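Structural features, examined
These are the residues of each chain, in order.
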Amino acid sequence: LIGKPDIVLPRLRSIIFVHGCFWHRHKGCRKATSPKTRVKFWNEKFDRNVRRDAAVRRTLKRDGWRLLTVWQCELANKPRLLSKLARFLESGNRAKEN
Ligand SMILES: [Zn+2]
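The following paragraphs examine the structure supplied in this document. (Residues numbered from 1 in each chain as written. Predicted model: local features only at pLDDT ≥ 70, side-chain atom pairs only at ≥ 80, totals over all residues. Heavy atoms only, no water.)

A few words now on the packing of aromatic side chains. By the definition in use, this model includes six aromatic pairs. Between the aromatic rings of Trp-23 and Trp-42, the centroid separation amounts to 5.8 Å while the plane-to-plane angle is 45 degrees, which identifies the pairing as tilted. On the criterion of sequence distance, the pair formed by Trp-23 in helix H1 (residues 21-24) and Trp-42 in helix H2 (residues 39-62) is long-range, its members being 19 residues apart. Accessibility expressed as a relative area gives 39% for Trp-23, which makes it partly exposed. Under the relative-accessibility criterion, Trp-42 is labelled buried at 17%. Note on Trp-42 and Phe-46: the rings are 5.7 Å apart at their centroids and 35 degrees apart in plane angle, and the pair reads as tilted. Here the residue Trp-42 and the residue Phe-46 both occupy positions in helix H2, the gap between them amounting to four residues, near one helical turn. A relative accessible area of 4% means that Phe-46 is categorised as buried. Taken together through their ring pairs, the aromatic side chains of Phe-22, Trp-23, Phe-41, Trp-42 and Phe-46 make up a single cluster. Sitting above the plane of the Phe-41 ring, Arg-38 keeps its charged end 4.1 Å from the centroid. (Phe/Tyr/Trp six-rings, centres within 6.5 Å; stacked < 30°, edge-to-face > 60°. Helix = DSSP H or I, 4+ residues; strand = E, 2+ residues; numbered from the N terminus. Buried < 20%, exposed > 50% of the residue type's maximum accessible area, 1.4 Å probe, protein only. Lys NZ or Arg CZ within 6 Å of the ring centre and 35° of its normal.)

In structure tokens:
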């Protein structure tokens, strides 16, 4: 699959990405810092990453996959992470039944 998803659940037609906040530019996240040197280099690199992620998402959605992104910073709060995963998986099960 394009984008090399971290977790693929074929029966639920669902994909989970675990994204590093820095590389994938988690919006509003304090881990998504911008280096103070070689600013142009980093900005271009980040732009490429964000554009690639968006293209991957578009393609996978078009092919009928359900997508969930788990951010690196969310791994720290296990209860919240588990409820996010549970919601995603439950709605995937409902979608399958309908
Ligand atoms: Zn984050």
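Another point: the coordination of the zinc ion. Protein-derived coordination of the zinc ion comes from Cys-21 (SG), His-26 (ND1), Cys-29 (SG) and Cys-73 (SG), at a distance range of 2.1 to 2.4 Å. Seen from the zinc ion, its four donor atoms lie at angles of 101 to 115 degrees, and the figure they make is tetrahedral. Each donor residue of the zinc ion belongs to the same chain, and together they define the spacing C-x4-H-x2-C-x43-C. With Cys-21 in helix H1 and Cys-73 in the loop between strand S3 (66-71) and helix H3 (78-97), this pair connects stretches of sequence that are 52 residues apart. The class of Cys-73 is partly exposed, set by a relative accessible area of 26%. (Donors = N, O, S within 2.8 Å, 3.2 Å for Na, K, Ca; no water. Tetrahedral: all angles 85-135°; square planar, octahedral: opposite > 155°, others 65-115°.)

Here we come to the sheet that holds S3. Taken together, three strands build an open sheet; the order of strands is S1-S2-S3 and the sheet is mixed. Looking at the sheet topology across the chains shown, the edges are occupied by strand S1 (7-9) and S3. Strand-to-strand twist in this sheet, taken as the mean axis angle between neighbours without regard to direction, amounts to 15 degrees. Bridging between S1 and strand S2 (residues 14-19) involves three bridges; their strand directions are antiparallel. Bridged to Ile-7 within S2 is Ile-16. Along the sheet face, H3 touches S1, S2 and S3 and points at about 175 degrees away from the line of S3. (Pairing = 2+ DSSP bridges. Axes fitted to C-alpha atoms, helices over the stretch in contact; angles between N-to-C directions. Contact = heavy atoms within 4.5 Å.)

This part covers the pairing of S3. For S3, the tally of buried residues reaches five of six residues, placing the bulk of the element in the interior. Strand direction decides the pairing type here: S2 and S3, joined by six bridges, are parallel. Pairing of Phe-17 across the sheet is with Thr-69, part of S3.

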